[in-house]
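# Coordinate analysis (summary)
Residue strings, one per chain:
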Amino acid sequence: MAKGRELVGRIKSTENTRKITRTMEMVSASKMKRAMDRVIAARPYATALGDVISSLYNPELAESFPLLRQPQTTKRAAIILITSNRGLAGAFSANLIKEARALITRLESEGTEVELHAVGKKGIGYFKYVGRPLATQRNDISDRPTAADAASLVDALMHQFIDGSLDAVYVVQSVYKSALSAPPHSTRVLPVARPEQKRAQKDYLLYPSAAAILTELLPAYVRNAVYRALVETVAAEHSARRTAMKNATDNATDMLTLYRRDYNRARQANITQEIAEIVGGASALQG
Amino acid sequence: MLNVSVISPEATLFEGEAPSITAPAFDGEVGILAGHAPMVTVLGTGTLKVGNGPSFTVSGGFLQVVDNQVRVVTESASKA
């Protein structure tokens, strides 16, 4: 029963694999839930910041803020590519890398110098492999990105933007739309899009002054955009891994059905053959 | 009564009613009672007290008052 034994081995190994992928699916599902909660928890801050900035904003003030400058031509741009530190998440990191490459190609065809900042081992690994130099690389940002992580990523770029050595900063991230759809997206965080002016403006008492408040809030706004990109990408990563692991589990189940069928067929054929041999032997003795 | 929310980038730390709040503005403490005029002020570092309820250590950000709604939006906050 050589074929039967071989199949038993395969069935066992597939069962073990399925156990692992099923566990990973469940782990990712719960991590995704928590990451999702963080995405939602980050919303009020962004709304509050956006509200106040657009209620204080007026075009005359804008002239004096380096963070609001809108360069006519983009000579040099920075891209922050956010990928994951771990694999087994389907095409998640590959999609982000593809998006980043498309953006690089587009910017370079417009004559822009592009510097690349990679977050996550997958992105770093890819660009090392193709031999494109990275301006900075970070693989220490965990599953639970903090506002401090975002600040450490973008603060240096903000200074370069202010002193004019950078004209634009993009973040390549995943936009978490739902558990099934989290497409990669390039978000421009700098220059800051001009906020729409609200029609009905309250007469606020402003301390110390509108300009001073904006000086304080604009960097916070930019950092927050990056923070949100980080948390959304983490949520998308877990959702991608969950989907990939669910598919792997389903495939393992399909394979098991086939192996078990083959195994039983082999076992039955074996029994039939043994019976035939016994019957044959008995009738030979009788004869 | 004031409707107070304390918001940090990571989470909303407090949401609820309070009779007054004391916040560390950039140039010293500022106290707010119901019926305060609309105001936006930059925050410094210090302790934010919400009525007799919880207090937080905050740093940076701003405080906005409008129609008895107080929003404390800070870059870093932790329960004190």
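Reading guide: rules and limits
- Residues numbered from 1 in each chain as written.
- Chains lettered and ligands numbered in written order.
- Predicted model: local features only at pLDDT ≥ 70, side-chain atom pairs only at ≥ 80, totals over all residues.
- Heavy atoms only, no water.
- Helix = DSSP H or I, 4+ residues; strand = E, 2+ residues; numbered from the N terminus.
- Buried < 20%, exposed > 50% of the residue type's maximum accessible area, 1.4 Å probe, protein only.
- Patch = residues over 30% accessible without salt bridge, like charges linked within 9 Å, V, L, I, M, F, W, Y side chains within 5 Å.
- Areas by Shrake-Rupley, 256 points an atom, 1.4 Å probe, with all protein chains shown as cover.
- Salt bridge = Lys/Arg side-chain N within 4 Å of Asp/Glu carboxyl O.
- Pairing = 2+ DSSP bridges.
- Axes fitted to C-alpha atoms, helices over the stretch in contact; angles between N-to-C directions.
- Contact = heavy atoms within 4.5 Å.
- Buried area = accessible area lost by both parts, 1.4 Å probe.
- Polar contact = N/O pair within 3.5 Å; in protein donor to acceptor, adjacent residues only side chain to side chain.
- Nonpolar A, V, L, I, M, F, W, Y, C, P; charged D, E, K, R; others polar.
- Parallel < 35°, antiparallel > 145°, perpendicular 65-115°, else oblique.
- Left-handed = near helix turned anticlockwise from the far one by under 90°.

## A word on unusual backbone geometry
At the junction of Leu190 of chain A and Pro191 of chain A, the peptide bond is cis and its omega measures out at -5° in the coordinates. As for its placement among the helices and strands, Pro191 of chain A is situated in the loop between strand E5 (184-190) and strand E6 (205-207). Here the residue pair Tyr207 of chain A and Pro208 of chain A is connected by a cis peptide bond, since its omega of -5° sits within 30 degrees of zero. Along the polypeptide, Pro208 of chain A turns up in the loop between E6 and helix H7 (210-286). For Asn68 of chain B, which is not glycine, the phi torsion reads 60° and is therefore positive. Checked against the element boundaries, Asn68 of chain B lands in the loop between strand E8 (62-66) and strand E9 (69-73). Residue classification places Asn68 of chain B among the partly exposed residues on the basis of a relative accessible area of 27%.

## Structural notes on a nonpolar patch on the surface
On the surface, a cluster of nonpolar side chains totalling about 260 Å² of accessible area is made up of Leu205 and Tyr207 of chain A together with Phe26 of chain B. Owing to a relative accessible area of 39%, Tyr207 of chain A belongs among the partly exposed residues under this scheme.

## Examining the sheet that holds E6 of chain A
Taking strand neighbours across the sheet as the criterion, the 6 strands line up as E6(A)-E5(B)-E8(B)-E9(B)-E1(B)-E2(B) in an open arrangement whose pairing is mixed. Of all the strands in the sheet, just E6 of chain A together with strand E2 (12-18) of chain B have a single pairing partner and so form its edges. Adjacent strand axes in the sheet meet at a mean angle of 10° when their direction is disregarded. Across 5 bridges, the pairing between strand E1 (residues 2-7) of chain B and E9 of chain B is parallel. Of the residues in E9 of chain B, the one forming a bridge with Ser5 of chain B is Arg71 of chain B. Contacts from H7 of chain A reach E6 of chain A together with strand E5 (39-42) and E8 of chain B, with the element oriented near 55° to E5 of chain B.

## Some words on the interface of chain B and chain A
Taken together, the 25 residues of chain B in the interface contact 25 residues of chain A. At the boundary of chain B with chain A, total buried surface from both sides reaches about 2100 Å², with 65% on carbon and sulfur atoms. In terms of surface lost to chain A, no three residues of chain B exceed Pro9, Glu10 and Val40 of chain B, which account for 29% of the buried area on that side. Across the chain B-chain A interface, the total number found is 2 salt bridges. A salt bridge links Arg223 of chain A to Glu75 of chain B; its shortest N-O distance comes to 2.5 Å. Across the chain B-chain A interface, the total number found is 9 residue pairs in polar contact (both at pLDDT 80 or more). A breakdown of the residues in the side of chain B that touches chain A according to their chemical character gives 14 nonpolar, 7 polar and 4 charged.

## Regarding the packing of helix H4 (residues 92-109) of chain A against helix H5 (residues 121-130) of chain A
Residue and element names in this part refer to chain A. Their axes nearest at 10 Å, the elements H4 and H5 cross at an angle of 55°. Judged by the angle between their axes, H4 and H5 are oblique. Remark: the crossing between H4 and H5 carries right-handed chirality. Every residue of H5 that contacts H4 at Ser93, Ile97, Arg101 and Ile104 is listed here: Lys122, Gly123, Tyr126 and Phe127. Of the residues belonging to the contact of H4 with H5, the class tally is 4 nonpolar, 2 polar and 2 charged.

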